[in-house]
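# Commentary on secondary and tertiary structure
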Amino acid sequence: QVQLLESGGGLVQAGGSLRLSCAASGRTFTLYQMGWFRQAPGKERDFVAGITRSSTRTDYSDSVKGRFTISRDNAKNTMYLQMNSLKPEDTAIYYCAAVWGDFDIKKVSNEYRYWGQGTQVTVSS
């Protein structure tokens, strides 16, 4: 089992940057594929980015490709999401998620087993 805690959200102007962090408990962080999802009011929880256990593969939604970068530091049990050139449509609650194993990047929320509580990102125009 792994527990996840996001941080780094906040209010930023359009064009600005934020870096989200997801700290994981336990000694088995390296055994989990990790992902970031986001949910705007009245919308479904959507895939943003995913990363394999050893960072050999990453994937992104088309809406963030080229602007966001996912990474992880297994020594620190932490995953990151660097968000640049933010747009008002990026406003959402951002969640980190984990699933045990290593496979093609999972992009569907119900494929992930563990979730953080979320961190709010608000981008003003």
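Structural data are supplied above this passage.
Keep in mind the model is a prediction, meaning the values are calculated, not measured. Position numbers for residues start from 1 in each chain and track the written sequence from start to end. With the structure being a predicted model, the display of local features is reserved for residues of pLDDT at least 70 and the display and counting of side-chain atom pairs for 80 or more, all residues being used for whole-chain, interface and lining totals. The side-chain values count all of the structure's non-hydrogen atoms but skip hydrogen atoms and water molecules.

### Things to note about the layout of surface pockets
We apply this condition: In this analysis the probe radius is 1.4 Å and the grid spacing 1 Å, with only protein atoms considered; a cavity is a set of points the probe fits into but cannot get out of, a pocket is an open set with protein on both sides within 12 Å along at least five of seven lines, and lining residues have an atom within 4 Å of a point. Grid points are joined across faces, edges and corners, and a volume is the space filled by probe spheres set on the points. Helical segments are the DSSP runs of H or I of at least four residues, strand segments are the runs of E of at least two, and each set is numbered from the N terminus.
Computed from the structure, the largest pocket encloses a volume of approximately 170 Å³. Lining the largest pocket are 14 residues, and of these Arg-38, Ala-40, Lys-43, Asp-46 and Glu-89 lie nearest its centre. Those elements giving two or more residues to the lining of the largest pocket turn out to be strand E4 (32-39) and strand E5 (45-51).

### Some points on unusual backbone geometry
Excluding glycine, residues mostly have negative phi values, and the peptide bonds linking residues are mostly trans. This is how it is decided: Note on classification: 1.4 Å probe, protein chains only; a residue is buried when its accessible area is under 20% of the maximum for its type, exposed when over 50%, partly exposed between these limits.
Here the phi dihedral of Ser-55 falls at roughly 65°; this positive angle occurs in a residue that is not glycine. Looking at the secondary structure, you find Ser-55 in the loop between E5 and strand E6 (58-60). For Ser-85, which is not glycine, the phi dihedral falls at a positive 50°. Locating Ser-85 in the fold gives a position in the loop between strand E8 (78-83) and strand E9 (92-100). Under the relative-accessibility criterion, Ser-85 is labelled partly exposed at 41%.

### A look at the side chain of Thr-52
Selection criterion: In what follows, residue pairs with any heavy atoms lying within 4.5 Å of each other are defined as contacts.
Counting through the fold element by element, Thr-52 comes out in the loop between E5 and E6. Among residues more than four places away in sequence, those in contact with Thr-52 are Gln-33, Arg-57, Arg-72, Asp-102, Phe-103 and Ile-105.

### Concerning the pairing of strand E3 (residues 18-24)
When a strand is regular, its side chains alternate between the sheet's two faces. Note the threshold: A strand pair is defined by DSSP finding two or more bridges across the two strands.
Of all 7 residues in E3, 5 are buried; the element is thus mostly enclosed. As paired elements, strand E1 (residues 4-7) and E3 share 4 bridges and run antiparallel to each other. By the bridge assignment for E3, Leu-4 is matched with Ala-24.

### Remarks on the nonpolar core
Inclusion rule: Grouping buried Ala, Val, Leu, Ile, Met, Phe, Trp, Tyr and Cys residues that are joined through side-chain atoms within 4.5 Å yields what is termed a nonpolar core.
Core analysis: the biggest nonpolar cluster contains 30 residues, and Leu-4, Met-34, Trp-36, Met-79, Leu-81, Met-83 and Tyr-94 have the highest contact counts within it. Counting only elements with at least two residues in this core, the list comes to E3, E4, E5, strand E7 (68-73), E8, E9 and strand E11 (119-124).

### So, the side chain of Ser-61
Structurally, Ser-61 is set in the loop between E6 and E7. Judged by relative accessible area, Ser-61 falls into the buried class, the value being 14%. Dropping the residues within four chain positions of it, Ser-61 is found in contact with Phe-47 and Val-48.

### Some remarks on the packing of aromatic side chains
The relative placement of two aromatic rings is captured by the distance of their centres and the angle of their planes. What counts is decided by this rule: Paired rings are identified among Phe, Tyr and Trp, the last through its six-membered ring, by centres lying within 6.5 Å, and are further divided according to the angle between planes into stacked (under 30 degrees), edge-to-face (over 60) and tilted (the rest). When the NZ atom of lysine or the CZ atom of arginine is within 6 Å of a ring's centre and also within 35 degrees of its normal, the charge is said to sit over that ring.
Taken as a whole and judged by the stated rule, the model has 6 aromatic pairs. Ring geometry for Phe-37 versus Phe-47: centroids 5.7 Å apart, planes at 75°, classification edge-to-face. Here Phe-47 lies in strand E5 and Phe-37 lies in strand E4, a separation of 10 residues in the sequence. Residue class for Phe-47 comes out buried when judged on its relative accessible area of 11%. Put simply, the rings of Phe-37, Phe-47, Tyr-95, Tyr-112 and Trp-115 pair up and form one aromatic cluster. The residue whose ring lies beneath Arg-72 is Phe-29, and the NZ or CZ to ring-centre distance is 4.4 Å.

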